[in-house]
Amino acid sequence: MVQTAQVAVSGANFSFDRLYTYRLPAALCGRVFPGSMVLVPFGRASRARMGVVLELREEKDDPRFKEIYDAAPESSRLTGELMELVRFLKERTFCTWYEAVKAVIPYGAQYKAGTENGRPVLKKGITRHTEDEYTLPAPLPEKPKPGKKQALAASVLADGPKTASQLAALGISRPVLENMCAKGLLTRRKVDRATELSARPLPPAQPVELSADQQAVYEGLAALLDGKAHAALLHGVTGSGKTLVFLQLLRRTLEQGRKALVLVPEIGLTPQMILRLRQHFGSRVAVQHSALSNTERLLQWNEIQSGGADIVVGTRSAIFAPLENIGLIVIDEEQEHTYHSESSPRYSAHEVASQRAAAHGALLLLASATPSTETYYAAQSGRIRLFELPRRYAGTPLPSVRLVDMRAELSSGNATSLSAALREELAANLAAGQQSILLLNRRGYQTVAMCTECGEVLKCTGCSVPMVYHKAEEKLLCHYCGHSIHPAPAQCPACGGRLRYTGFGTQRVEEELEEAFPSARILRMDLDTTGKKDAHEILLGRFAAGEYDIMLGTQMVAKGLDFEKVTLVGVLGIDQMLFAQGFRSCETVFSLVTQVVGRSGRAATPGRALIQTVDPDNPVLCLAAAQDYPAFYRQEIAFRRLNLYPPFCTICMALFHGEKEHETLAAAARFGALLARLAAKTPGLPLRILGPAPMAVAMVNGRYRYKLTIKCRAGKQTRALLAAALDAYTNEGLAGKASLALDFHSDADL
Ligand code: ADP
Ligand code: ZN
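Remember, predicted model here, so these are calculated numbers, not experimental data. (Residues numbered from 1 in each chain as written. Chains lettered and ligands numbered in written order. Predicted model: local features only at pLDDT ≥ 70, side-chain atom pairs only at ≥ 80, totals over all residues. Heavy atoms only, no water.)

Visitor: Mind showing me how you'd approach the site of ligand 1 here?
Guide: Lining the immediate surroundings of ligand 1 are 16 residues, of which Glu-209, Gln-214, Gly-239, Thr-243 and Asp-562 lie closest. Measuring from an oxygen atom of ligand 1, one finds a side-chain N or O atom of Arg-276 at 3.5 Å. Protein chains bury 79% of the 560 Å² of accessible surface belonging to ligand 1 in isolation. Broken down by element, the residue count for the shell around ligand 1 peaks at three residues, all from helix H8 (residues 242-255). Broken down by class, the residue content of the shell around ligand 1 amounts to four nonpolar, seven polar and five charged. (Near = heavy atom within 4 Å. Polar contact = N/O pair within 3.5 Å; in protein donor to acceptor, adjacent residues only side chain to side chain. Areas by Shrake-Rupley, 256 points an atom, 1.4 Å probe, with all protein chains shown as cover. Helix = DSSP H or I, 4+ residues; strand = E, 2+ residues; numbered from the N terminus. Nonpolar A, V, L, I, M, F, W, Y, C, P; charged D, E, K, R; others polar.)

Visitor: Mind showing me how you'd approach the sheet that holds strand E30 (residues 650-658) here?
Guide: Sheets are built from strands that pair by backbone hydrogen bonding, the pairs being arranged parallel or antiparallel. Spatially, the four strands line up as an open sheet ordered E31-E32-E30-E33, and their pairing is antiparallel. On the outer flanks of this sheet lie strand E31 (687-700) and strand E33 (738-745), each paired with one strand and no other. Taking the axes of each pair of neighbouring strands and ignoring which way they run, one obtains an average angle of 20 degrees across the sheet. By the bridge criterion, nine bridges tie E30 to strand E32 (residues 703-712) in an arrangement that is antiparallel. Looking at the pairing, Cys-652 lines up with Ile-710 of E32. (Pairing = 2+ DSSP bridges. Axes fitted to C-alpha atoms, helices over the stretch in contact; angles between N-to-C directions.)

Visitor: Would you mind showing me how to read the pairing of strand E13 (residues 259-263) here?
Guide: Consecutive residues of a regular strand have side chains that alternate between opposite faces of the sheet. A large share of E13 lies buried, amounting to five of its five residues. Neither face of E13 is open: one carries Lys-259, Leu-261 and Leu-263, the other Ala-260 and Val-262, and all of them are buried. Pairing of E13 with strand E16 (residues 326-332), which is carried by five bridges, proceeds in the parallel orientation. Paired with Ala-260 across the strands is Leu-328, a residue of E16. Relative to strand E15 (residues 311-314), E13 runs parallel, the two being bridged by four bridges. The residue of E15 that forms the bridge with Ala-260 is Ile-311. (Buried < 20%, exposed > 50% of the residue type's maximum accessible area, 1.4 Å probe, protein only.)

Visitor: What is the right way to look at the sheet that holds strand E22 (residues 468-470) in this model?
Guide: Reading across from one edge, E22-E23-E24 is the order of the three strands in this open sheet, with antiparallel pairing throughout. Both outer strands of the open sheet, E22 and strand E24 (484-485), are each paired with one neighbouring strand and no more. Bridge count between strand E23 (residues 475-477) and E24: two bridges; the pairing is antiparallel. By the bridge assignment, Leu-476 is partnered in E24 with Ile-485.

Visitor: How should I be thinking about empty space enclosed by the protein in this particular structure?
Guide: By rolling a water-sized probe across the atoms, one finds the places where empty space is left. Counted under the stated rule, the structure contains two cavities of 30 Å³ or more. Taken as a whole, the second largest cavity encloses approximately 70 Å³ of empty space. Taken together, Ala-103, Val-104, Pro-106, Gln-288, Arg-297, Trp-301, Ser-317, Ala-318, Phe-320 and Ala-321 form the lining of the second largest cavity. Looking at the lining of the second largest cavity, the elements with two or more residues in it are helix H2 (97-104) and helix H10 (294-305). Across the lining of the second largest cavity, the residue classes break down as seven nonpolar, two polar and one charged. When residues of the lining of the second largest cavity are sorted by domain, at least three fall in each of domain 1 (2-124) and domain 3 (212-394). (1 Å grid on protein atoms, 1.4 Å probe; cavity = no way out; pocket = protein on both sides within 12 Å on 5 of 7 lines; lining within 4 Å. Points joined across faces, edges and corners; volume = space filled by probe spheres on them. Domains from an automatic or database assignment.)

Visitor: Help me understand the packing of helix H1 (residues 80-93) against helix H11 (residues 349-360) in this model?
Guide: Packed helix pairs are specified by the crossing angle of their axes together with the interaxial distance, meaning the distance between the axes. One can describe the packing of H1 onto H11 by two numbers: an axis separation of 11 Å at closest approach and a directional angle of 145 degrees. Here H1 runs over H11; the crossing is right-handed. Along its contact with H1, which presents Glu-81, Leu-82, Leu-85, Phe-88, Leu-89 and Arg-92, the element H11 presents Glu-351, Val-352, Gln-355, Arg-356, Ala-359 and His-360. (Left-handed = near helix turned anticlockwise from the far one by under 90°. Contact = heavy atoms within 4.5 Å.)

Visitor: Just to check I follow, could you spell out the packing of helix H12 (residues 373-380) against helix H21 (residues 629-643) for this structure?
Guide: Remark: H12 packs on H21, axes separated minimally by 10 Å, with the N-to-C direction vectors making an angle of 100 degrees. The orientation of H12 with respect to H21, classified from their angle, is roughly perpendicular. Residue-level contacts link Thr-373, Glu-374, Tyr-376, Tyr-377 and Gln-380 of H12 to Tyr-629, Tyr-633, Glu-636, Ile-637, Arg-640 and Arg-641 of H21. Broken down by class, the residue content of the contact of H12 with H21 amounts to five nonpolar, two polar and four charged. (Parallel < 35°, antiparallel > 145°, perpendicular 65-115°, else oblique.)

Visitor: Whenever I open this one, the side chain of Thr-373 confuses me. Can you help?
Guide: Tracing the chain through its elements places Thr-373 in helix H12. Among the polar contacts made by the side chain of Thr-373, one reaches the side chain of Arg-640 at a distance of 3.5 Å. Not counting chain neighbours up to four residues away, the residues in contact with Thr-373 comprise Glu-587, Tyr-633, Glu-636, Ile-637 and Arg-640.

Encoded structure:
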């Protein structure tokens, strides 16, 4: 008998995914555990690959067993609870073992493959990381007159020191900084990124005093911090002070000697949340989101794993933070689609959170002004607890909202993207020294190039979407694959006719704003301006400090932000979202509009909002304008029930990607047939297969995309059926023709 380990090895694909058996060499006996990270030989050439041990066994030796090369120390192993999550992901999402492992441990955390004396070994990953930090010791002298970049650097650094990478994100390059150092205008020092992150001094937090409404909700929720698993929804209108309630619950959790996880939907919402948490809870707050550099992320991960953090805040993947003794998990803006992973493993943060809350005896708190229909249904039907904050804090009224008819605007001769009404309101806000936020969910300058002869729209060669004109770089860009054409053509590639550029994106609206309000200070927030690390946080900080009058941006300006001087919100170009596919499209529009409108008038001065549309009678827009969630919910739940959508069933999307269109379509049809045949053997199990049909974007990166929509009931039986159909699909050699992924939208994530 020998000691063996069942290992999930990196790099397997679905069709030959399994656990591999390895023998433990004598030197590693007693040093390898379930959850250990190991390095193993793989394939004919016995190349070194990373792996994680799922299970240890005693079994009869087999000459085919290879020996593990190396194992990381015990201190770095995954806890039993995280190993359970790996199994959970594998079982629920049909991902590969290692995909599940990678979701739980970020790649390169702690150990990576290396060689020593010609032997493959595990080497320590990240340890520390230093960076240059620049400080402005005194205001710049007026003479000699500083250059534009110098003045920008000085104005940014006036708030406090910044690192080279933060400054680079704002377009201030190393030579500019070094030049200023040489002249004695700036000073430079090395900082340790890990300690710098957690030790940045912050203004102390104002002590929190809850209003009577908030206090009542807090007490109800605090009673659920009793060591048993609970789930609750906090439904509170925008500006009702949900964050304040979280802060008090977090405090209570830490007092109980327990830890907490706070999830936010996107990095855009993280800076304000992190700031608030750091003000209240100091350096024991760790951050996990994808905009951190790999190094920062791993440093913080290690900090969490070694017990150095009490609160972890981050985006979806932070749900896997290696915290122990969790007492509270908060999912803020819980309806956001970003909580659902769009690559394997395709999990939703809710289901993982629910799993972890059960394992830890924690309270899972979902919060939103516009909860998802599924979650609100769960609350209505008593499956989870419901708490409501129906009023804004301090009696501040909700903003007054007006729908502006853009058809009337066009027929009266205004072909720009800004209606007369919006121009007036913007002017009024500028005159009053107040700030405005404009939402336009399309970046770039002009969004379509159409041929005036043949009527053809210029599309990406690899993707079935129009190319978008970006004026600053004079290029056409595909927002799906990044393919660009430079310079932007004037002639149609199909017939040589003249191309006409139309539609408007954030760059173009920025230009119209500059023309209309030459003195206004305009901040554009989209992927093009915030792509670089930290840029987002710094720009929001500058808006908060009053350095801008108007913030114009995509989704990232719509949610979670809390600026007291914002009293006007404008929604531009929402119409195309009204006609989007998918059973959640109404909910998405309702939520987006309600959220962005909710950024207005959150403090002393009442706010207002304008929604520009060509369909001012649209029921979803009208309800969003009225900010009437209950009415929206009643309408939406009736629609879901009638058409059989979640929460009345689970939807499993089977997604097929392939090089050749007919093969992809045929593979999708075959999978449907296989599944139907298997399902016929289990009469009574609800299952309905729709399709195949092309996906909303039918081609990306030269790969065709088809889908089957499977309406079913989540559970063991259905999963067994799907697993059998997947096996049959692979056995028939179809996986080579079209890759297949399953994507669940469940009736019961909670
Ligand atoms: P929500 O997350 O529900 O949209 P916030 O928690 O951001 O709302 O609160 C909205 C605004 O009201 C914030 O500026 C917040 O500081 C303020 N506020 C809410 N409750 C209180 C309170 N109890 N004391 C002081 N300020 C509060
Ligand atoms: Zn493309």
